[in-house]
Each structure stands twice: as C-alpha cells, then as structure tokens.
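Spelled out from the first residue to the last, the chains are:
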Amino acid sequence: MAASFASRCSSVGRSLMDGLRSNLSNLPSTSREMTCGSFLYQQQRTFIQMRTVLKVVDNSGAKKVMCIQPLKGKKGARLGDTIIASVKEAMPNGKVKKGKVVYGVVVRAAMQRGRCDGSEVKFDDNAVVLVDKQGQPIGTRVFGPVPHELRQKKHVKILTLAEHIA
C-alpha cells in the first residue's frame, strides 16, 4: 500500500516517503495515508498568485476578493505586497461593490515568512486590506492581527488602524 501511494507522489514525495516508510510500517493503511497526506499538505503553502481568493479584513464593504495580479511583476505576493483584485462578495451597503477592481495590501498570508530575529510568522488564512491607488486604506478599521513587517513596506496607516499588531 505504501509503495502504491509513493508512486502517485512526485519525486520529492518519493524521497520523503522513503524516510517515513520505516516509521509508518506498523500503522494501519488509513492512518498512514492520513499522516502522509497532512505532511504533503503543509508543503503546498505558496505565494498569493492569480485566482487566489482572499478574505477582506476591513470595513470597506467587501468580504472576499480574488487576486487578478500581484504588482511589481513578481512570481507572487507575500506579506506587505500590493495586489490587484476583483471583489467577489460584498455587503449591499458598502463602499465597494461586487465586480469592482480594487487594490489591496496583503496583511496575512498562509505562507511562512522569516523574521530577522530567526523566528517565522505564518497565519491560518490569506487576508487583504483594500487601498486606493495612493496606498491609503478605503476602510476605517482593520480587524484581526497585522504583522509589523508592514512598517518596512511603508504601510504605516494600516498599522495605525489595526486592532492587534503581531
């Protein structure tokens, strides 16, 4: 069973499975697949790229946006980067409406980012704060934790509106 599961994995998965196979040989097959599946799931946290759906954590009226393009021509966006997004869900009486193309700053990302002190910051979800073309937030409040790395990216106004700085 472990050999058939390893053959479905990529070459990276095969090298990982060789080390796990000896440790998991005495487990039943369902728990073995569950353990390997959760391990491989942790490897899939990537950049915020085109078609990534993100949660909006301000009071601008939007609930969910989908990334159209990360700015600056990068492979993807990380914490503090600006993206262009389309509003997918919105409240009926908000400032932004469904279908509108907006700018947003990534304030939470599931992909881990190393800090200069050696620690790493990683969040459970991907979240943005909507901004205008000049970089000023559209909403007047920011909900949830916001990392202090935004100060280096010159998004100080978002930090002043945030409830909690992580």
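Residues numbered from 1 in each chain as written. Predicted model: local features only at pLDDT ≥ 70, side-chain atom pairs only at ≥ 80, totals over all residues. Heavy atoms only, no water.

Draft legend 1. Geometry of the pattern of salt bridges. On inspection of all chains with the given rule, the structure shows four salt bridges. The partner of Asp81 in a salt bridge is Lys153, and the shortest N-O contact between them spans 3.0 Å. On the criterion of sequence distance, the pair formed by Asp81 in the loop between β2 (62-70) and β3 (82-90) and Lys153 in the loop between β8 (142-146) and α4 (156-161) is long-range, its members being 72 residues apart. Classification of Lys153 as partly exposed rests on a relative accessible area of 30%. Across the pair Asp125 and Arg108 runs a salt bridge whose closest N-O atoms are separated by 3.2 Å. Here Arg108 lies in strand β4 (residues 101-108) and Asp125 lies in the loop between β6 (120-121) and β7 (127-131), a separation of 17 residues in the sequence. Owing to a relative accessible area of 23%, Asp125 belongs among the partly exposed residues under this scheme. (Salt bridge = Lys/Arg side-chain N within 4 Å of Asp/Glu carboxyl O. Helix = DSSP H or I, 4+ residues; strand = E, 2+ residues; numbered from the N terminus. Buried < 20%, exposed > 50% of the residue type's maximum accessible area, 1.4 Å probe, protein only.)

Draft legend 2. Structural detail: the nonpolar core. Ile48, Leu54, Val65, Ile83, Val106, Val128 and Leu130 are the most contacted members of the largest nonpolar core, which totals 19 residues. Ignoring any residue separated from it by four or fewer positions in sequence, one finds Val106 in contact with Ile48, Ala77, Arg78, Leu79, Gly80, Asp81, Ile83, Ala127, Val128 and Leu150. If you look at the next biggest cluster of nonpolar residues, it comprises twelve residues, including Val57, Val107, Ala127 and Val131. (Core = buried A, V, L, I, M, F, W, Y, C linked by side-chain atoms within 4.5 Å. Contact = heavy atoms within 4.5 Å.)

Draft legend 3. A look at the sheet that holds β7. A barrel is described by the order of its strands in space; here five strands give the closed sequence β1-β2-β3-β4-β7, paired in mixed fashion. Across the sheet, the axes of successive neighbouring strands diverge by a mean angle of 55 degrees, strand direction being ignored. Bridge count for β2 against β3 is seven bridges, and the pairing is antiparallel. Residue pairing across strands places Val65 opposite Val87, the latter belonging to β3. (Pairing = 2+ DSSP bridges. Axes fitted to C-alpha atoms, helices over the stretch in contact; angles between N-to-C directions.)

Draft legend 4. Highlighting the pairing of β2. Bridge analysis of strand β1 (residues 53-56) against β2 gives three bridges, and the strand direction is antiparallel. Residue pairing across strands places Val53 opposite Met66, the latter belonging to β2. Connecting the antiparallel pair β1 and β2 is a turn made up of five residues, with Gly61 showing a positive phi of about 115 degrees.

Draft legend 5. The arrangement of the side chain of Arg108 in detail. In this structure Arg108 comes out as buried when scored by relative accessible area, which is 6%. Here the side chain of Arg108 touches Pro145 through a polar contact of 3.2 Å, landing on its backbone oxygen. If we skip the residues at most four places from it in the chain, Arg108 touches Val57, Leu79, Phe123, Asp125, Asn126, Ala127, Phe143, Gly144 and Pro145. (Polar contact = N/O pair within 3.5 Å; in protein donor to acceptor, adjacent residues only side chain to side chain.)

Draft legend 6. A look at the side chain of His155. Within the secondary structure, His155 sits in the loop between β8 and α4. Note on His155: relative accessible area 11%, which makes it buried. Those residues within four positions of His155 in sequence are excluded, and the remaining contacts are Gly80, Thr82, Val105 and Leu150.

Draft legend 7. How the structure looks around the environment of Gly80. As for its placement among the helices and strands, Gly80 is situated in the loop between β2 and β3. Overall, the relative accessible area of 4% leaves Gly80 in the buried class. Along the backbone, Gly80 and Gly104 are 24 residues apart, and their C-alpha atoms lie at a distance of 9.6 Å.

Draft legend 8. Representation of the pairing of strand β9 (residues 162-165). Across three bridges, β8 lies against β9 in parallel orientation. In the sheet register, Val146 faces β9, and the bridge partner there is Ile165.

Treat this as a map of the structure, not an account of what it does.
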